[in-house]
Amino acid sequence: MTDDTDEQRPVGADPVTAAELSVPADEPQYDCAYCDRVFARERHRDLHRGQAHPDRVGESAAAAYRGAVESERESLVRYRYVALGALVVLYFGFLVAFAVVGV
Ligand SMILES: [Zn+2]
């Protein structure tokens, strides 16, 4: 059994949901110059242009893409450290709680 939405989408196109295309009207919008996608954040638009239209973007957009990739990488590293810290605090919190209250 196949999904009807996948059959209508061109090969290689990004999977797009209605939630991704919905940007509130009072918020700033960043349009892709090569397709009709709209983004709520400039960084997301830069990432999209670099990944979906790598052969069409100019040097400034390519530089913006590289900057967005680096920013995304730094955000992921920061997220991993925060997640690890939260897990350590949770683990030792339960360990201390069990040592004090445990039966
Ligand atoms: Zn695009």
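Quick caveat: nothing in here was measured; it's all calculated off a predicted structure.

1. A word on the packing of helix H3 (residues 42-52) against helix H4 (residues 59-101)
Part 1: Where H3 meets H4, the closest approach of the two axes is 8 Å, and the angle between their N-to-C directions is 115 degrees. Once H3 is placed against H4, the crossing between them reads as left-handed. Within the contact between the two elements, H3 uses Arg43, Asp46, Leu47, Arg49 and Gly50 and H4 uses Ala61, Ala62, Ala64, Tyr65, Ala68, Val69, Ser71 and Glu72.
Part 2: Among the residues forming the contact of H3 with H4, the class breakdown is seven nonpolar, two polar and four charged.

2. Some points on the confidence of the model for the chain
Part 1: Per-residue confidence for the chain averages 84 on the pLDDT scale, and 79% of its residues sit at or above 70.
Part 2: Counting contacts from residues 1-8, a segment whose pLDDT is below 50, to residues more than four positions away or on other chains yields one contact.

3. Points about H3
The α-helix winds at 3.6 residues per turn, so residues separated by three or four positions along the chain end up facing the same way.
Part 1: Among the residues of H3, those classed as buried are Arg45, Asp46, His48 and Arg49. Along the axis of H3, the buried positions cluster into a sector of 160 degrees, meaning they face one direction only.
Part 2: Residues of H3 that are buried sit in contact with strand E1 (30-31), strand E2 (38-39) and H4.

Reading the values: rules and limits
- Residues numbered from 1 in each chain as written.
- Predicted model: local features only at pLDDT ≥ 70, side-chain atom pairs only at ≥ 80, totals over all residues.
- Axes fitted to C-alpha atoms, helices over the stretch in contact; angles between N-to-C directions.
- Helix = DSSP H or I, 4+ residues; strand = E, 2+ residues; numbered from the N terminus.
- Left-handed = near helix turned anticlockwise from the far one by under 90°.
- Contact = placed C-beta atoms within 7 Å.
- Nonpolar A, V, L, I, M, F, W, Y, C, P; charged D, E, K, R; others polar.
- pLDDT = per-residue confidence, 0-100.
- Buried ≥ 20, exposed ≤ 12 C-beta atoms within 10 Å, placed from the backbone.
- Arc of directions from axis to C-beta.

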